[in-house]
Amino acid sequence: MKKRLQELPELSKEKLPESKKYFQKLKKRTPKRLDLVMQDLHEKEFQKTDCLECGNCCKTTSPLLTDVDIRRIAKHLKMKEHQFVTQYLEVDEDDYYVFKGAPCPFLDLNDNMCFIYDVRPKACKEYP
């Protein structure tokens, strides 16, 4: 798995033209069974990928946080909502709350475990 993760950046560069072509096609005409196709791709990938070995999503991308997420996480951390927002969040170019930087401030880099897993943002629960 570790070797595969190390090869991932180069592999993604090689597949970039193919991926761009695929997503352009999706933008033009969404297949009727897109959700089923994506679910199948997801299941196949996660038979090979252990999230706790990888953690790349939490290391590179911030989820969008809803007001409900902010309330729930702040309460869990015993913080006022505005303190949580000030300390951890920023507003992105689309006017959504996201974490200030990567990796996620709640990711334990030693084992890729989430410190707030039980109250994690909705986007994390639904990912991918």
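Everything below is about the structure shown above.
Anyway, here's the lowdown on the structure attached to this text. In this text, all values refer to a predicted model and were calculated from it rather than measured experimentally.

## Focus on helix α5 (residues 67–76)
Those residues of α5 that fall on the buried side of the exposure criterion are Asp69, Ile70, Ile73 and Ala74. Around the axis of α5, the buried residues are gathered within 120° of arc, so they sit on the same side. Those residues of α5 that are buried are in contact with α6 (81–88), β1 (89–91), β2 (97–99) and α7 (122–126).

## A closer look at the nonpolar core
Within the largest apolar cluster, 15 residues are counted, with the highest numbers of intra-cluster contacts made by Leu65, Phe84, Tyr88, Leu89, Phe99 and Phe106. Among the secondary structure elements, those contributing two or more residues to this core are α5 and α6. Aside from chain neighbours lying at most four places away, what touches Phe106 is Leu77, Phe84, Tyr88, Phe99, Met113, Cys114, Phe115 and Ile116.

## What to know about the packing of aromatic side chains
The full count for this structure, using the stated rule, is four aromatic pairs. On the numbers, 5.3 Å between centres and 40° between planes, the contact of Phe84 with Tyr88 is tilted. With Phe84 and Tyr88 both in helix α6 and four residues apart, the pair spans about one turn of that helix. The interplanar angle of 45° and the centroid separation of 4.8 Å between the aromatic rings of Tyr88 and Phe106 together place this pair among those described as tilted. In this pair, Tyr88 is assigned in helix α6 and Phe106 in the loop between β2 and β3 (107–108), connecting sequence segments 18 residues apart. The burial state of Tyr88 is the same as that of Phe106; both residues are buried.

## Section: the environment of Phe106
Owing to a relative accessible area of 5%, Phe106 belongs among the buried residues under this scheme. Sequence separation between Phe106 and Tyr117 is 11 residues, and the spatial gap between their C-alpha atoms is 8.7 Å.

## A look at α6
Those residues of α6 lying buried are Phe84, Val85 and Tyr88. End-on, the buried residues of α6 take up no more than an arc of 100°, which puts them together on one face. Opposite the buried face of α6, by more than 90 degrees, sit the exposed residues His82 and Thr86. Packed against the buried residues of α6 are α5, β1 and β2.

Procedures and definitions
- Residues numbered from 1 in each chain as written.
- Predicted model: local features only at pLDDT ≥ 70, side-chain atom pairs only at ≥ 80, totals over all residues.
- Heavy atoms only, no water.
- Buried < 20%, exposed > 50% of the residue type's maximum accessible area, 1.4 Å probe, protein only.
- Helix = DSSP H or I, 4+ residues; strand = E, 2+ residues; numbered from the N terminus.
- Arc of directions from axis to C-beta.
- Contact = heavy atoms within 4.5 Å.
- Core = buried A, V, L, I, M, F, W, Y, C linked by side-chain atoms within 4.5 Å.
- Phe/Tyr/Trp six-rings, centres within 6.5 Å; stacked < 30°, edge-to-face > 60°.

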